[in-house]
Amino acid sequence: MTRDDFLGIALGFAVLAAVAVLAFGGDWLLAQNDYGNPFAQEARRRGLPFDARTPDEFVNETRDFARDGKAARRTITAVYPVNLLDGRMKIWNGVITKFIVPFGSPALSRTYPCNEGTRFSFNTDAYGFTNPLEAWEIPEMILLGDSFVEGMCQPEGNRIADYLRLTHRVLNLARAGAAPVTQLGILREYGTKFSPKVILWFATDNDFRGIQDELKSPILMRYLEDDAFSQALFENQFYVNGAVYGYASRALGVNVRVPGSAVWRAFHGVWRASQEATAPKPDMRKLSLAFVQTLKAAQRATGEKLILVYLADYRKNAQPKRKEILRIAKEAGIAFIDTTIPMADPEDLHQWGIGHYTPLGNRLVAEAVLRGLNDVAAR
């Protein structure tokens, strides 16, 4: 055997060994560094526990029914409208088949939608939103917003809606990832079925990023183009929930750990980050105009009940758009409540300074909203 033959064989074995490490040991190696998971990294830095189970592992470990005294709930993965904006979900109501963008998660279910150290369960109502069942009985306050308003990563009792419920009958129609056009759709499909005293439309700094994707959705665009448009989701809830539940069931297994899956997720995360970093800057003028149009459409559906509420982001890398959102509210002719806390400490208001609001942050927002409502009423 020549020296070159020996080196070739050695190199081949080295490549095979590297592939084996990545495929079968890569998950373990990456787990030690918690690559791409800032909350796991932060927990290790602070010496705090971190629940590393995937959503699928949670579902598989808690499949049996749990009873909350009023309804049986089955654990299932959450479904978000932001993942179905292309309108590929199909329902058949016994008469016609049509494509929809659903807004709720599986109804009367229990989900574990996020993990910022600990997974807290979300119990959904009869339409797939995060409410107690009685919230649909003559609500006097309706909330629209994204994950901060839905209450991500905090247990029941510590969410914005929970603090507002101490003094008001609240129906929370917020969904994670929902930006203005999705919120308009939710309002038209569900909120206009009631006559609340006030509708609080929560706006966040990342609404402009979200509305970019929403403007590409043919179904969502119809809410902007036609004040009478409806997907009839409320009326067809039985069929909508069947489709949403089927989608959630098929999604099981996406996050199951198999050899090399963590490696793949790590490389995929790097690829997505590079795509976002090289993406062209958004046309803020166009997005702001779409935001104004959306709010005006919402106001036509609700009258003077609509109030825009700004939720501030205090995290280090946040890009505040408070002035732009205030300008949009003025242009749309909508009352404005600012919940910004001067000199706020991210450690106090965001989970570990990098996540969603803490219970304190949620409570302070609710208190600011109530003060703002008094101010609006006094004008």
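As a convention, each chain's residues are numbered from 1 in the sequence order in which they are written. Local features are withheld for residues below a pLDDT of 70 in this predicted model, meaning they are given only at 70 or higher, and side-chain atom pairs are given and counted only at 80 or more; totals for whole chains, interfaces and linings count all residues. Excluded from the side-chain calculations are hydrogens and water; all other atoms, namely the structure's heavy atoms, are used.

Asker: Please set out the packing of aromatic side chains residue by residue, giving values where relevant.
Answerer: Pairing of aromatic side chains here covers Phe, Tyr and the six-membered ring of Trp, requires ring centres within 6.5 Å, and sorts the geometry by plane angle: under 30 degrees stacked, over 60 edge-to-face, intermediate tilted. All told, the structure shown has 14 aromatic pairs when counted by the stated rule. With 6.3 Å between their ring centres and 70° between their planes, Trp136 and Tyr190 make a pair best called edge-to-face. Of this pair, Trp136 sits in the loop between β6 (122-123) and β7 (141-144) while Tyr190 sits in the loop between α6 (180-189) and β9 (198-203), and the two are 54 residues apart along the sequence. Grouped by ring-pair contacts, the aromatic residues Tyr127, Phe129, Trp136, Tyr190, Phe194 and Phe234 constitute a single cluster. Across the ring face of Phe122, the terminal group of Arg159 is positioned such that the distance to the ring centre comes to 4.0 Å. A run of H or I in DSSP counts as a helix once it spans at least four residues, and a run of E counts as a strand once it spans at least two, with each numbered from the N terminus. A ring has a charge above it when a Lys NZ or an Arg CZ is no more than 6 Å from the ring centre and no more than 35 degrees off the ring normal.

Asker: Give me the pattern of salt bridges: which residues, what numbers.
Answerer: Side chains bearing opposite charge may pair, as long as their charged atoms lie close to each other. Only one rule defines a salt bridge in this text: a Lys or Arg side-chain nitrogen within 4 Å of an Asp or Glu carboxyl oxygen. Under the defined criterion, the tally for this structure stands at 14 salt bridges. A salt bridge links Glu42 to Arg46; the shortest N-O distance between them is 2.7 Å. Here Glu42 pairs with Arg46, and both are found in helix α2 (residues 38-46), just four residues apart, close to one helical turn. Judged by relative accessible area, which is 28%, Arg46 ranks as partly exposed. A salt bridge links Arg327 to Glu331; the nearest nitrogen and oxygen atoms lie 2.6 Å apart. Exposure is judged per residue with a 1.4 Å probe applied to protein chains only, and the accessible area is read against the type maximum: over 50% gives exposed, under 20% gives buried, and values in between give partly exposed.

Asker: Could you give an account of the side chain of Gln154, with specific residues and numbers?
Answerer: Tracing the sequence through the fold places Gln154 in the loop between α4 (147-150) and α5 (160-164). Contact definition: two residues touch when any of their heavy atoms are within 4.5 Å. Beyond its immediate sequence surroundings of up to four residues, Gln154 is in contact with Phe120, Phe122, Arg159, Gln351, Tyr357, Thr358, Pro359 and Asn362.

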